[in-house]
Amino acid sequence: MALYTRVSGSVGVITLQNPPVNALSAAVRQGIVDMMDRALSEPEVKSVVICGQNGKFCGGADIKEFGTNMSGPALIPLIDRIESAAKPVVAAIEGIALGGGLELALGCHYRIAHSKAKLGLPEVSLGLLPGAGGTQRLPRLISIPAALELITTGRHVTAAEALQLGIVDKVTDRNTLDEAVKFALSVAGKSLDLHRISTNPCPHPPDVDAVFETAMQRVRQRARGALAPVACVQAVRAAATLPYAHGMERERELFKGLFTSGQARALQYYFFAQRAVGRWSTPGGARWDTSKPRPVRRAAVIGLGTMGRGITVALAQAGLSVVAVETNEKQLTEAKQGVSDMLERGARRRGVPPALDKVIYSHKIQAVADVDLVIEAVFEDMELKKAIFQQLSALCKPGTFLCTNTSGLDIDELAAQTQNPELVVGMHFFAPAHVMKLLEVVYGQKSSPQAVATAMQIGSKIGKVSVAVGNCRGFVGNRILKPYLEQAFFLLEEGATPELVDKVLEEFGFAMGVFRMSDLSGLDVGWRVRKAIGLVAPEALTGPYARVREGHRYSPLGDLLCEQVRFGQKTGRGWYQYDKPGGRVAKPDPWLHRFLEEYRAQHGLVARRIDHQEVLDRCLYALINEGFRILEDGIAAGPEDIDVIYVLGYGWPQHRGGPMFYAGMVGLNKVLERLEHYHQVHPDVPNLQPCSLLRKLVASGSPPINKWREVIKKPHSQL
Ligand SMILES: CCCCCC/C=C/CC(=O)SCCNC(=O)CCNC(=O)[C@H](O)C(C)(C)COP(=O)(O)OP(=O)(O)OC[C@H]1O[C@@H](n2cnc3c(N)ncnc32)[C@H](O)[C@@H]1OP(=O)(O)O
């Protein structure tokens, strides 16, 4: 709803009231219509200010209303009504003016923003375009190239940048409403002709066609199949080429196409999923709203390889004091330089001083004695980690949380090395750790609610989306990755090439195909894990048992490549070839193709033609099947957790919502039917055997994803 007051005698103030972000729900829209009518009809009122309660102007359309029977006044005529008003209307922007919120402000004649406000048209990240005149008014106000950039990226801008771009008329550090009222008093009675944006011409750059062509190329390249960025360019083009009314028709037409699309549903699901994972719970009864974190002022990182350095940077940039420990002197010297460089680069980008003084380096593990939390980030070797946890338990002050950055080893086994296993949790970062948004917080059997809550809180403090997950080999992300990788290897054995598999996955929207991704992360990482669990016995690399482990099909292809020291980008050779070790551009490698042919011949495998659909089905459905197993085992509390992990950590296309959402979109019965088919063809591959939760969901009538938890009925369900 909206509140109306009159201040300073002649200014009507309309306050949007819809916590937490004053989204434009039906009631708010109705409130604005009613209060505008009142302000315009009161003869004493000479000007109007629109603001939002609780320091937030407006977070845009109410996303929760999408997909429901929307009622109440439409936004476009409401904004038009404001713009055509005979009295000046001033938007007082505090906190946020996003999406429909900014469009509302663009309908006002003037905009005053607080210096801390953020403005933007982020609809593209919800699979939409600014559909209340934003694509037509913004280019008229700030030029086509600037509007294209903001609308196609959905980027939020600061008030200072908004002033520079011309989105706002004034920025203030003072009380925004007071300033807006003063401003409204000063413009009362003045001509509004130049301030009705829709009536202004759209300024044309001389090379307007080239501007749109370049923009279209850029968005198509980045969009990975997403529709909204392309439609955004088309809508802005209408602003450049058509009169306002016709431009609005084009905007509406494009908006309608997006609004009902599966991509918009997926992206809006993903928006809420990211927030849902913050309301975590564990089977042991720890919960986001009842488990209190302990403050962490000083943290330590043990092991300054790539991961340890990234974690150190992430912590220091968030203002935490870090003791960075590396016992290898040479590595320590390199790490000091590496961390300082990263801190300086990051600071330059953010326009702040580098947090160099936040990090103290030491080559002695004893330096951790006084910290509140330790993150161990040494080599992925259980014996080494166990030894470190024994040392930490003896060295650290009582109550210090002991965390491990393992990507899949047993948290309980590590906790068992310590005197206080309740203080042990996993904090699984993703490389590069100072950049990637995802953190898996892994609770063990004995992790205390406070330890989990503290790790989750540190995660959000350093800007990560933290997802609480249970303890099993690979946790959620890497556990799901395994059957996906396995299918990709099997497809090579059966006749595919890395190029074919990657092409299909990249066309689906993955940031990188599975083989390019393996080359980037290093083939040796998985190899070491497989060796540790006894899968890579040298005598089993050839001969009749090379392709069998524990009675099931196994592909030693990855192991054979590692035997040749083909570790991927780092060695300049992997599934592809690179121009040098560390090279980034993957090129098909004739050696690899010959190697595959020889391998098939050696094992009596006859290459067949594999079509795109089979690649997609087998890789994705094997992955999704494991996702259902994870839900069944209670390792993830809900499908949202898996989806957020997969989008943020593994390059799953956001516009497909995540693997579990995708399964729902495809149809659970279809996923089940395809898995049954492929399992019949490959009975020696247990990962293709449909999991019983999937069968149960199908038997329950394939409920929508937000009802799955009712079928899972795990004790820590959040629904
Ligand atoms: C036929 C229809 C015609 C319509 C034509 C006009 C079309 C307009 C399109 C739009 O305006 S789409 C919406 C555009 N706005 C956004 O994308 C903003 C989304 N929100 C955010 O980015 C953030 O929430 C925030 C506003 C920057 C605040 O971030 P913060 O970290 O402070 O809090 P959160 O945890 O993210 O959010 C708090 C709470 O609020 C809910 N919420 C946020 N925005 C909206 C919204 N626009 N509608 C409904 N609910 C919203 C959010 O879900 C959180 O609640 P939860 O219960 O924890 O999930």
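For clarity, every value in this text was computed on a predicted model and none was experimentally measured.

From N to C terminus, the protein chain includes 28 helices and 19 strands. Taking 27 Å as the expected radius of gyration for a compact globule of 719 residues, we find that the protein chain reaches 28 Å, a close match to that expectation. Taking the principal axes of the C-alpha coordinates as reference, the protein chain spans close to 90 × 60 × 55 Å. Here the protein chain holds 719 residues, and the buried ones make up 57% of them. In the protein chain, the share of contacts with a sequence separation of at least 24, taken over all contacts with a separation of at least 6, comes to 72%. Between the mean site of the 83 positive side-chain charges and the mean site of the 72 negative ones, the protein chain shows a separation of 3 Å.

This brings us to the packing of helix α26 (residues 668–681) against helix α27 (residues 692–699). The angle between the axes and the distance between the axes are what describe a pair of packed helices. Running from N to C, α26 and α27 cross one another at 135°; their axes reach a closest spacing of 9 Å. With respect to α27, the element α26 is oriented oblique. Read as a crossing pair, α26 and α27 show a hand that is left-handed. Residues L668, N669, V671, L672, L675 and E676 of α26 pack against L694, R695, L697 and V698 of α27.

Turning our attention to the packing of helix α12 (residues 306–317) against helix α13 (residues 329–350). Their axes nearest at 10 Å, the elements α12 and α13 cross at an angle of 45°. Taken together, the axis directions place α12 and α13 in an arrangement best described as oblique. In this structure, the crossing between α12 and α13 has a hand that is right-handed. Two secondary-structure elements touch here, α12 through R309, G310, T312, V313, A316 and Q317 and α13 through Q331, E334, A335, V339, M342, L343, G346 and R350. The class makeup of the residues in the contact of α12 with α13 is six nonpolar, five polar and three charged.

Moving on to the domain arrangement of the protein chain. In terms of domains, the protein chain is made up of domain 1 (2–259), domain 2 (288–476) and domain 3 (496–602). Relative to domain 2, the C-alpha centre of domain 1 lies at a distance of 43 Å.

It is worth spelling out the pattern of salt bridges at this point. Counted by the stated rule, this structure contains 43 salt bridges. Among the salt bridges present, the one from R566 reaches D589, with a minimum N-O distance of 2.6 Å. With R566 in the loop between α21 (557–563) and α22 (590–602) and D589 in the loop between α21 and α22, the pair connects residues that are 23 residues apart, well separated along the chain. One exposure class covers both R566 and D589, and it is buried.

A few words now on unusual backbone geometry. Cis geometry marks the peptide bond from P19 to P20, where omega comes out at 5°. Note on placement: P20 falls in the loop between β2 (11–16) and α1 (26–41). In this structure, S143 is a non-glycine residue whose phi angle is positive, near 95°. For S143, the position within the fold is in the loop between α4 (134–142) and α5 (144–153). Positive phi, close to 50°, is recorded for R224, a residue that is not glycine.

Take the UniProt feature "domain: 3-hydroxyacyl-CoA dehydrogenase NAD binding" (unreviewed entry) in the protein chain next. When the UniProt feature table is mapped to this numbering, "domain: 3-hydroxyacyl-CoA dehydrogenase NAD binding" (unreviewed entry) covers residues 299–471. Annotated as residues 299–471, this span is 38% helix and 22% strand, and its ends, taken at the C-alpha atoms, are 23 Å apart.

We now examine the pairing of strand β17 (residues 465–469). With respect to burial, β17 is a largely interior element, five of its five residues being buried. The alternating pattern of β17 places V465, V467 and V469 on one face and S466 and A468 on the opposite face, and all of these are buried. Pairing of strand β16 (residues 438–443) with β17 involves five bridges; the strand directions are parallel. Counted as the bridge partner of L439 is S466 from β17. At this point the chain moves from β16, through helix α16 (residues 449–461), to the parallel β17, and the crossover so formed is right-handed.

In space, the eight strands of this open sheet follow the order β12-β11-β10-β13-β14-β15-β16-β17, with mixed pairing throughout. Of all strands in the sheet, those with a lone pairing partner are β12 (359–362) and β17, marking the two edges. Neighbouring strand axes in the sheet, compared pairwise and without regard to direction, differ in orientation by 25° on average. Bridging between strand β10 (residues 298–302) and strand β11 (residues 321–325) involves five bridges; their strand directions are parallel.

The sites that carry the UniProt feature "domain: 3-hydroxyacyl-CoA dehydrogenase C-terminal" (unreviewed entry) are, in the present numbering, residues 474–578 and 615–702. With 69% helix and 0% strand, residues 615–702 has end C-alpha atoms that lie 25 Å from one another.

This part is about the site of the ligand. Surrounding the ligand, one finds 25 residues, the nearest of these being G59, A61, I63, G100 and R275. Note that a nitrogen atom of the ligand is positioned 2.9 Å from one of the backbone N or O atoms of I63. Between the ligand and R275, the relevant distance is 2.7 Å, taken from an oxygen atom to a side-chain nitrogen or oxygen of the residue. For the ligand, whose free accessible area comes to 1100 Å², the fraction covered by protein is 74%. Residue assignment for the shell around the ligand shows that the elements contributing at least two residues are β5 (96–98), α3 (100–107) and α11 (262–276). The element contributing the most residues to the shell around the ligand is α11, with three residues.

Looking now at a positive patch on the surface. On the surface, a cluster of positive charge is made up of R345, R348, R349 and R350. Mapping R345 onto the fold places it in helix α13. The class of R345 is partly exposed, set by a relative accessible area of 45%.

Another aspect to go through is the packing of aromatic side chains. The full count for this structure, using the stated rule, is 20 aromatic pairs. With centroids separated by 5.4 Å and ring planes inclined at 25°, the aromatic side chains of F255 and F259 adopt a geometry described as stacked. Taken as a pair, F255 and F259 lie in helix α10 (residues 244–259) at a separation of four residues, close to a single helical turn. On the accessibility criterion, F259 (27% relative accessible area) is partly exposed. Consider the rings of W527 and F567, whose centres lie 5.9 Å apart with planes at 45°: the pair is tilted. Taken together, the positions of W527 in helix α20 (residues 523–532) and F567 in the loop between α21 and α22 put the pair 40 residues apart, joining distant regions of the chain. Given a relative accessible area of 12%, W527 falls into the buried group. Pairwise contacts between aromatic rings join Y484, F508, F510, W652 and Y662 into one cluster.

Glancing now at the sheet that holds β5. Across a sheet, paired strands are connected by hydrogen bonds in the backbone, their directions being either parallel or antiparallel. Strand order in this open sheet of three strands is β5-β7-β8, and the pairing throughout is mixed. The open sheet has two free edges, formed respectively by β5 and β8 (156–158), since each of these has just one partner strand. Each adjacent strand pair in this sheet contributes to an overall mean axis angle of 20°, direction not counted. Note that strand β7 (residues 118–120) and β8 share three bridges and pair antiparallel. Following the sheet pairing, K118 is matched in β8 by T158. Along the sheet, α3 contacts β5 and β7; its crossing angle with β5, the most-contacted strand, is approximately 95°.

Conventions and cut-offs
- Residue positions are given per chain, counting from 1 as you read along its sequence in written order.
- Thresholds applied to this predicted model are a pLDDT of at least 70 for local features of residues and 80 or more for the giving and counting of side-chain atom pairs; totals over whole chains, interfaces and linings are not thresholded and use all residues.
- Side-chain figures throughout are based on the complete set of non-hydrogen atoms in the structure, without hydrogens or water.
- Numbering of helices and strands runs from the N terminus; a helix is a DSSP stretch of H or I covering at least four residues, while a strand is a stretch of E covering at least two.
- For a compact globule the rule gives 2.2 Å times the number of residues to the power 0.38, and the radius of gyration it is set against comes from C-alpha atoms.
- The buried label applies to any residue whose accessible area, calculated with a 1.4 Å probe on protein chains only, is under 20% of its type's maximum; exposed applies above 50%, and partly exposed to all values in between.
- Any two residues having at least one pair of non-hydrogen atoms within 4.5 Å are treated as being in contact.
- Charge assignment: positive for Lys and Arg, negative for Asp and Glu; neither His nor the chain ends contribute.
- The atom standing in for a charge is NZ when the residue is Lys, CZ when it is Arg, CG when it is Asp and CD when it is Glu.
- Axis lines are fitted to C-alpha atoms, over the contacting stretch for helices. Their N-to-C directions set the angle, which ranges from 0 to 180 degrees.
- Angle categories: roughly parallel below 35 degrees, roughly antiparallel above 145, roughly perpendicular from 65 to 115, and oblique for all the rest.
- Should the near helix be turned anticlockwise from the far one by less than a right angle, the crossing is termed left-handed; should it be turned clockwise, right-handed.
- Following the grouping adopted for this structure description, the nonpolar residues are Ala, Val, Leu, Ile, Met, Phe, Trp, Tyr, Cys and Pro, the charged ones are Asp, Glu, Lys and Arg, and the polar ones are all others, Gly among them.
- Each domain span listed reflects an automatic or database assignment of domains.
- Salt bridge criterion: a side-chain nitrogen from Lys or Arg within 4 Å of a carboxyl oxygen from Asp or Glu.
- UniProt positions are given in the numbering used here, feature names are shortened, and annotations may be inferred rather than shown by experiment.
- Two strands are said to pair when DSSP picks up at least two bridges between them.
- By convention a crossover is right-handed if, when the strands point away from the viewer, the path from the first strand over the helix to the second runs clockwise.
- Near, as used in this document, describes a residue that has one of its heavy atoms within 4 Å of the molecule or strand being considered.
- For this analysis, a polar contact is any N or O atom pair within 3.5 Å, provided that within protein one partner can donate a hydrogen and the other can accept it, and provided that sequence-adjacent residues contribute only side-chain to side-chain pairs.
- Areas reported here follow the Shrake-Rupley algorithm with a probe of radius 1.4 Å; residue values treat only the protein chains shown as occluding.
- Here, patches come from residues exposed beyond 30% relative accessible area and free of salt bridges, joined within 9 Å for like charges and within 5 Å for nonpolar side chains (Val, Leu, Ile, Met, Phe, Trp, Tyr).
- Note on ring pairs: Phe, Tyr and Trp rings are taken, using the six-membered ring of Trp, and paired if centres are within 6.5 Å. Classes follow the plane angle, with under 30 degrees stacked, over 60 edge-to-face and the rest tilted.

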